Amino acid sequence: MAAAAGGPTVKVSKSQAGTGGSVTVSGTGWRPHTLLMMLVCGRSSPSRGVIGGTNSCANADGRAVTTDANGSFSKQLPVAEPPVPCPCVVHVATVTGTSADADAAFQVAGHPVKALPAESTGGRLSMLTDTRLDGSSGLLTWFGAPPSRTLVFTIGNAGTSTLKDPVFQVGTAHGVFAPQWDEQQWHGTLAPGKKAQVKLPVELSAGAHGDYAVSLRYDGKVLAEQPWGVGRPWGVTLFWLLLCVVVPAAVFRIGMAVVDRVRPPRAGGIRHRGVPRPAFRVPRRRAAPEPAPSAASTTSTLPWFTPDSDPGATAGRLSAPHDESSASPTTPTTKGPT
């Protein structure tokens, strides 16, 4: 059984079991109604924790469990061989909320055993400031490029010997999933009583978005946890929307062009584009000759007069009318006897 002072505890029903069997894992002192993950991990000990992070655990055979109202749990865990040699532990850690974990010693029967790496003595690393994420998303991130930040924090050496090139584990977790740890070495020397600022790169997968949590771990212990909200890459969504519009339009235009090429022209109809029109000249219509003016039409230019009452016919006569039957004065007359 492993227990931290005033913290959560874990114990297993058997200290040793072979692959294919199972053990009952129980614990107390956890937060009520908290989701936990149980794993069989190699290269670990209750005093030093899981040195290789979850990469040293049989992740595929892990089990999740939720604590009750009193912060206790009990559940069966299948025994599986971890990817690294023992000594092994049953590792239990919180999935959401404040980070907490505990380990119980366990031996996988038949699994190879190898001594743990030497533990650095004298130097003792401590966190002096909270972590923060520096950086911002660029245009490429808006189109699905991997989001990246820089994890910045300050450490101090509270031991009696020098710390040289410490190795940190930086983990990223999305939602309720367990963190994926990545080892990163800080190149530098920290003398006793000194402090230094550490900057470690953090990068997510392409197209990642949502609520993430960045965790920092050193020597098997989680030192800090920093939330990270990643925006959705709307450029990718816009690209697919434009693709759904442009591609059908292009296919339609290509199809219409093929139809215009294959379909024969209709007789007497409208010819399609691409078929040359024959030279066609409309003959000019000759004007009909004007009829010769008649005597009646020349004498009358006013439509409201009839030919008989046309004043133009008498326009030349300016004197008063006289009797044409009277004899001319030059014509001799024969007078009879009076």
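Source: prediction; values computed, not measured. (Residues numbered from 1 in each chain as written. Predicted model: local features only at pLDDT ≥ 70, side-chain atom pairs only at ≥ 80, totals over all residues. Heavy atoms only, no water.)

Trainee: Explain the overall build of the chain here, please?
Mentor: Helix and strand counts for the chain come out as three helices and 21 strands. Classification of the 338 residues of the chain by burial places 32% in the buried group. When the accessible surface of the chain is split by element, carbon and sulfur atoms take 58% of a total near 22,300 Å². (Helix = DSSP H or I, 4+ residues; strand = E, 2+ residues; numbered from the N terminus. Buried < 20%, exposed > 50% of the residue type's maximum accessible area, 1.4 Å probe, protein only. Areas by Shrake-Rupley, 256 points an atom, 1.4 Å probe, with all protein chains shown as cover.)

Trainee: Just to check I follow, could you spell out the layout of surface pockets for this structure?
Mentor: Using a probe with the size of a water molecule, rolled over the atoms, empty space left in the structure can be pinpointed. Considering only enclosed or pocket space, the second largest pocket measures out at about 500 Å³ in volume. Residue assignment for the lining of the second largest pocket shows that the elements contributing at least two residues are β5 (35-41), β7 (49-50), β10 (88-94), β11 (101-109), β16 (167-174), β20 (210-218) and β21 (221-230). At five residues, the largest contribution of residues to the lining of the second largest pocket is made by β20. Of the residues contributing to the lining of the second largest pocket, the split by class is 15 nonpolar, eleven polar and five charged. (1 Å grid on protein atoms, 1.4 Å probe; cavity = no way out; pocket = protein on both sides within 12 Å on 5 of 7 lines; lining within 4 Å. Points joined across faces, edges and corners; volume = space filled by probe spheres on them. Nonpolar A, V, L, I, M, F, W, Y, C, P; charged D, E, K, R; others polar.)

Trainee: Looking at this model, I keep getting lost on the nonpolar core. Mind explaining?
Mentor: It is characteristic of soluble globular proteins that their nonpolar side chains tend to be buried jointly. Within the largest apolar cluster, 22 residues are counted, with the highest numbers of intra-cluster contacts made by F153, I155, F168 and W228. For this core, the secondary-structure elements that each account for two or more residues are β14 (148-157), β16, β19 (195-203), β20 and β21. Not counting residues up to four positions away in its chain, the partners in contact with W228 are L133, P147, S148, R149, V202, L204, G210, D211, Y212 and V214. V25, L77, V79 and A104 belong to the second largest nonpolar core, which has 20 residues in total. (Core = buried A, V, L, I, M, F, W, Y, C linked by side-chain atoms within 4.5 Å. Contact = heavy atoms within 4.5 Å.)

Trainee: Is there a simple way to explain the pattern of salt bridges in this structure?
Mentor: Should their charged atoms come close, side chains of opposite charge can pair. Evaluation of the coordinates by the stated rule reveals one salt bridge. Between D134 and R132 there is a salt bridge; the shortest N-O distance is 3.1 Å. (Salt bridge = Lys/Arg side-chain N within 4 Å of Asp/Glu carboxyl O.)

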